[in-house]
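# Secondary and tertiary structure notes
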Amino acid sequence: MIKNPVQLRVEKLAPWQQYLFMVCLCERMYPNYVYYTKQQHNEDDAKSYKNILDLMWESLLVEKVKINFDLQLEKLEAIIPTVNEDSAYMIYPAIDACQALSELIHAHLTGDIAEHTAKVSSISATTVAEFEMTKLDTYLSKDEQLNLPGVVEEFDLQWEIFRLLREESHDKIDLIKGLKEDIRAAQISNIGVFLSN
């Protein structure tokens, strides 16, 4: 797993801020999953992923909302792609998107928020590193991966989200809605997959 000091900083934030950090990264990985399901002509799975993701946003926006996280985890596990010898490359970013969302749900279930937040951060960066290494047709060490342009950009964005979360002058609901709208409006994933309507 790729590590960055942002992970230690984020774990010092309030629980709701850590959940928000995770759901932002999951939202950015969502187009990768959509792209894969379109390749497989199985867009119902993308709708299922989106429904679960929407509930994670709702858990932040609606106080005392009742969500059965065990059920959401079951639904997610049912749509995780399985790799076989004929699998296209995009199955891996799609699996990563599921893994990140799974970490977010587990954070709700276990209460070990900091641990899962660090994992989501690493998963997103690792998706980028593996994508870039595939394009370059090479394997790099973890230290070398940290210098890949896409990984540098990914952690820059994670720092940007962290700084927004740390800025206490924001109204909580406005901040959550603003981040959700900005990421969805961009419609682009951590590896540059564009989510067309």
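Our structure is the block above this text.
Residues numbered from 1 in each chain as written. Predicted model: local features only at pLDDT ≥ 70, side-chain atom pairs only at ≥ 80, totals over all residues. Heavy atoms only, no water.

### Here's the deal with the overall build of the protein
Stated formally: For helices the rule is a DSSP run of H or I covering at least 4 residues; for strands it is a run of E covering at least 2, with both sets numbered from the N terminus onward. Accessible area is worked out with a 1.4 Å probe on protein chains only. A residue is then buried under 20% of its type maximum, exposed over 50%, and partly exposed in between. Residues are treated as being in contact if the distance between any of their heavy atoms lies within 4.5 Å. We get accessible surface area from the Shrake-Rupley algorithm with a probe of 1.4 Å; when it comes to residues, only the shown protein chains can shield them. For the purpose of charge, His is not counted, nor are the chain termini; Lys and Arg are scored as positive and Asp and Glu as negative. In plain terms, the charge of a residue is placed at NZ if it is Lys, CZ if Arg, CG if Asp and CD if Glu.
In terms of regular secondary structure, the protein is built from 9 helices and 0 strands. When its helices and strands are written in sequence order, the protein yields α-α-α-α-α-α-α-α-α. Reported as C-alpha extents along the three principal axes, the dimensions of the protein are approximately 45 × 35 × 30 Å. Residue burial in the protein is summarised as follows: out of 197 residues, 47% are buried. Considering only intrachain contacts with a sequence separation of at least 6, the fraction spanning at least 24 residues in the protein is 72%. Of the roughly 10,200 Å² of accessible surface on the protein, 49% is carried by carbon and sulfur atoms. Of the charged side chains in the protein, 19 are positive and 32 negative; the average position of the first set lies 5 Å away from that of the second.

### Observations regarding unusual backbone geometry
The phi angle at histidine 41 is positive, at roughly 55 degrees, despite the residue not being glycine. Of the residues examined, histidine 41 reaches a relative accessible area of 74% and is grouped as exposed. Not every positive phi belongs to a glycine, and aspartate 137 is a case in point at roughly 55 degrees.

### Notes on a positive patch on the surface
Quick note on the threshold: Here a patch means residues that are over 30% exposed by relative accessible area and free of salt bridges, tied together within 9 Å if like-charged and within 5 Å if nonpolar (Val, Leu, Ile, Met, Phe, Trp, Tyr). The working definition used for a salt bridge is a side-chain nitrogen of Lys or Arg within 4 Å of a carboxyl oxygen of Asp or Glu.
A surface patch of like charges, here positive, comprises Arg9, Lys12, Arg163 and Arg166. Mapping arginine 163 onto the fold places it in helix H8 (residues 149-166).

### Considering the state of the cysteines
The test is simple: Disulfide assignment relies on a single distance test, namely cysteine sulfur atoms paired within 2.5 Å.
All chains considered together, the criterion is met by 0 disulfides. Cysteine 24 supplies the cysteine sulfur nearest to cysteine 26, a cysteine that is in no disulfide, at a spacing of 9.4 Å. This cysteine, cysteine 98, is not joined by any disulfide, and cysteine 26 carries the nearest cysteine sulfur, 9.8 Å off. For cysteine 98, a relative accessible area of 0% puts it in the buried group.

### Some words on the packing of aromatic side chains
The description of an aromatic ring pair uses the distance of the two centres, along with the angle that the planes make with each other. Short version of the rule: Centre distance within 6.5 Å is the pairing criterion for rings of Phe, Tyr and Trp, where only the six-membered ring of Trp is used; planes under 30 degrees apart are then read as stacked, over 60 as edge-to-face, and the remainder as tilted.
Overall, the coordinates contain 5 aromatic pairs when judged by the stated rule. Between the aromatic rings of tyrosine 89 and tyrosine 92, the centroid separation amounts to 6.0 Å while the plane-to-plane angle is 50 degrees, which identifies the pairing as tilted. Each ring, one from tyrosine 89 and one from phenylalanine 131, has its centre 6.2 Å from the other, and the planes form 40 degrees; the classification is tilted. Residue tyrosine 89 is located in the loop between helix H4 (69-77) and helix H5 (91-110), and its partner phenylalanine 131 is located in helix H6 (residues 113-136); the two are separated by 42 residues in the primary sequence. Overall, the relative accessible area of 27% leaves tyrosine 89 in the partly exposed class.

### Observations regarding the packing of helix H2 (residues 15-39) against H8
Keep this limit in mind: Axis angles are defined between N-to-C directions and span 0 to 180 degrees, where every axis is a line fitted to C-alpha atoms and, for a helix, only to the segment in contact. Helix crossings fall into two classes, left-handed where the near helix is turned counterclockwise from the far one by less than a right angle and right-handed where it is turned clockwise. Polar here means any residue other than Ala, Val, Leu, Ile, Met, Phe, Trp, Tyr, Cys and Pro, which are nonpolar, and Asp, Glu, Lys and Arg, which are charged; Gly is therefore polar.
Contact pair H2 / H8: the axes reach a minimum separation of 10 Å and the direction vectors enclose 145 degrees. Of the two elements, H2 crosses H8, and the hand of that crossing is right-handed. Facing Gln17, Leu20, Phe21, Cys24, Leu25 and Arg28 of H2, the residues of H8 in contact are Glu154, Leu157, Gln158, Ile161 and Leu165. Residues of the contact of H2 with H8, tallied by class, amount to 7 nonpolar, 2 polar and 2 charged.

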